[in-house]
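Close look at the chain arrangement
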Amino acid sequence: MSLLRINGVSKTFQTAGGPVHAVRDVSLEVAQGECLAVVGESGSGKTTLANMILGILAPSAGEIVFGGTPLTDRRSPAQRRAIQLVQQNPLSALNPKRSVGGSVRLGLDVYGIGTRAERWARVEAALEEVGLPADMRRRGPAALSGGQRQRVGIARALACEPDLVVLDEPTSALDVLVQARVLRLLNDLRRKKGLTYVFITHDLAVVRNVADRVAVFKSGRLEEIGPTERIFSAPEQPYTRALIGAVPVVDDAELKLRNTLAEAP
Amino acid sequence: MSDILDIRDLTLAFKGHRGLTEVLHGISLRIAAGERVALVGESGSGKSVTARIILGLLQETGSARVAGQVAFDGRDIMAMHPRDRAALRGTEMSMIFQDPTSSLNPTFTIGRQFAEVMHRRAPRLSRTACNARATEMLEEVSIPDPARVLDAYPFQLSGGMNQRVMIAMALVNHPKLLLADEPGTALDVSVQAQTLRLMHDLVEDHGTAVLFISHNLGVVREFADRVYVIYRGRIVEEGATDAVFHAPGHAYTRALMDAVPRITGVGLPEVPEVSDAFLAPMVRHGSAS
């Protein structure tokens, strides 16, 4: 059963230079427990799509159905709680004046999750779940490393007990060793908690290792969508092939795959 | 063998509240004329400060303590008067930064910024001569309509276009050494791939040596002849790109390679964030020509 259904969604921005069609007539579904990667270059509309899923932007046309219910411009607290975001840059995503625990707790207070007395315990549990020590809740974000901050960002989203998590380039600001650990953590959490991910990224190598299916965007249009295996072994669109062909690779097996795709018609 | 850059036992410490903090613990690095050398490491490993020392910028920072030998084209950078070091920048050595659009001045046209760069080498160069030379350079980086670009402001051009402009500007004075600090990281992968290929061909034609600073192993593999891997202010491995990528010898290099997600989808490895093995002695691959 699909948890999220996007039906003919478009988003047009009116600008001084005329209308900009950021997302054009996109339809796709995300199944319960699945990780759908949304890939494309800058300006392809992937973040606009994410913002519509999150309810930050209203679609110009089409509808977004979540858990069988069409989402309107005015979402209920339960609907807002059910879809959470993990942002790209963990430093600017956290309020520098708030303790780490305070940031994680905010969602609990807003959505009234748990009793007031048990919320700190929930915050500590959320931090431990992402591999941070519980007493880190008293620290400020400035005292944390990039990887720790991103874990806080994940803890904050998960503390709200969402069904769907939108991950907007969650590891592109991190060093490779840290990225590998955070990606593993995200995989583990998804399996353990039965979460559904919409994973927005431009990094196809990451996509290959985390996503069940891939949606390729270009200039606001859905170019192609399919299982990760298929997208990487037999991409249908030249654009998808070009995207994979541009990935810088480190080993010979990857080079071989890339060359095979380049030679295909 | 004539080295364009010869760094020996370079240390750097910053003065803070709690005394000196050493960030480079004696690194040695050589670049031959025309050679493309990569310095790979994570954030905070000391890559960018090394570049700033080569440019002679950190020596002029009050809180920095720099020691060791830095020879550029046979001249001792460390002993040089700040004025002479400044004279090298933009002429004998030049730099390309991560984000092309923000490293260009938004208030001047590309043409005017080109002229400024050229005047560092030839202060009396006329406007028409500047424009002619700039046009030539823009054609070399495959910019289709150089005249239009010279009249444009950076914000009117795409990121990829600005990156080409930066490369053209960095090479216009025929520097002996180009320092490229994470070039193109801010760009889309396809644009990045294109501009790197372009830069690769161009420095080859011009015989420019390059110190290529990056955290991206894939990009390094495609660009560099030789690689230095830096971890926490120490060089842990050095060798020809092929040797390092096919037979990484140091635990840190191996961890770094393992951690890169593969498009072949072999899964995500378990990687340690820190390990004592990362502090093991440096691994040097043979044929140190």
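Quick caveat: nothing in here was measured; it's all calculated off a predicted structure. (Residues numbered from 1 in each chain as written. Chains lettered and ligands numbered in written order. Predicted model: local features only at pLDDT ≥ 70, side-chain atom pairs only at ≥ 80, totals over all residues. Heavy atoms only, no water.)

1. What to know about the overall build of chain A
Scanning chain A from terminus to terminus reveals eleven helices and ten strands. For 265 residues, the compact-globule estimate of 2.2 N^0.38 gives 18 Å, and the C-alpha radius of gyration of chain A, at 19 Å, lies within 12% of that figure. The principal-axis extent of the C-alpha atoms belonging to chain A is close to 60 × 45 × 40 Å. Buried residues in chain A amount to 52% of all 265 residues. Expressed as a percentage of contacts within chain A between residues at least 6 apart in sequence, the contacts between residues at least 24 apart total 64%. Only carbon and sulfur atoms are counted for the fraction: they give 49% of the accessible area of chain A, which is about 11,300 Å². When the 34 basic and 28 acidic side-chain charges of chain A are each reduced to a single mean position, those positions are 7 Å apart. (Helix = DSSP H or I, 4+ residues; strand = E, 2+ residues; numbered from the N terminus. Rg over C-alpha atoms; globule rule 2.2 N^0.38 Å. Buried < 20%, exposed > 50% of the residue type's maximum accessible area, 1.4 Å probe, protein only. Contact = heavy atoms within 4.5 Å. Areas by Shrake-Rupley, 256 points an atom, 1.4 Å probe, with all protein chains shown as cover. Lys, Arg positive; Asp, Glu negative; His and termini not counted. Charge placed at Lys NZ, Arg CZ, Asp CG, Glu CD.)

2. Examining the nonpolar core
Considering soluble globular proteins, one finds that nonpolar side chains tend to be buried as a cluster. Counting 60 residues, the largest nonpolar core has Ile110, Phe114, Leu138, Val165 and Phe212 of chain B as its most contacted members. At eight residues, helix α7 (residues 159-171) of chain B tops the list of elements feeding residues into this core. Residues within four places of Leu138 of chain B in sequence aside, it is in contact with Phe114, Ile143, Pro146, Val149, Leu150, Val165 and Ala168 of chain B. By size, the runner-up hydrophobic cluster in this structure holds 54 residues, among which are Cys35, Leu189, Val206 and Ile231 of chain A. (Core = buried A, V, L, I, M, F, W, Y, C linked by side-chain atoms within 4.5 Å.)

3. Thoughts on the UniProt feature "domain: ABC transporter" (unreviewed entry) in chain A
The feature "domain: ABC transporter" (unreviewed entry), as given by UniProt, occupies residues 4-244 of chain A in the numbering adopted here. Along residues 4-244 of chain A one finds 40% helix and 28% strand; the C-alpha atoms at either end are 27 Å apart. (UniProt positions renumbered as here; feature names shortened; annotations may be inferred.)

4. Re the pattern of salt bridges
Residue and element names in this part refer to chain B. Applying the stated criterion across every chain, the model contains 31 salt bridges over all chains. A salt bridge links Arg284 to Glu238, with the shortest nitrogen-to-oxygen separation between them at 3.3 Å. Within this pair, whereas Arg284 is found in strand β11 (residues 283-284), its partner Glu238 is found in strand β10 (residues 234-240), the two being separated by 46 residues in sequence. Exposure remark for Glu238: the relative accessible area of 4% places this residue in the buried category. (Salt bridge = Lys/Arg side-chain N within 4 Å of Asp/Glu carboxyl O.)

5. So, the packing of aromatic side chains
Applying the stated rule across the entire model yields five aromatic pairs over all chains. Ring centres of Tyr153 of chain B and Phe155 of chain B lie 5.8 Å apart, and the angle between their planes is 15 degrees; this geometry places the pair in the stacked category. With relative accessibility at 30%, the residue Tyr153 of chain B sits in the partly exposed group. Where Tyr252 of chain B meets Phe278 of chain B, the ring centres are 5.1 Å apart and the plane angle is 75 degrees; that geometry is what we call edge-to-face. Placement of Tyr252 of chain B in helix α11 (residues 251-259) and of Phe278 of chain B in the loop between α11 and β11 is noted, with a sequence separation of 26 residues between them. In this structure, Tyr252 of chain B and Phe278 of chain B share a single accessibility class: buried. Pairwise contacts between aromatic rings join Tyr231, Tyr252 and Phe278 of chain B into one cluster. Against the face of Trp120 of chain A rests Arg105 of chain A, its NZ or CZ located 4.9 Å from the ring centre. Here the guanidinium or amino end of Arg137 of chain A rests over the ring plane of Trp120 of chain A, the centre of that ring lying 4.3 Å away. (Phe/Tyr/Trp six-rings, centres within 6.5 Å; stacked < 30°, edge-to-face > 60°. Lys NZ or Arg CZ within 6 Å of the ring centre and 35° of its normal.)

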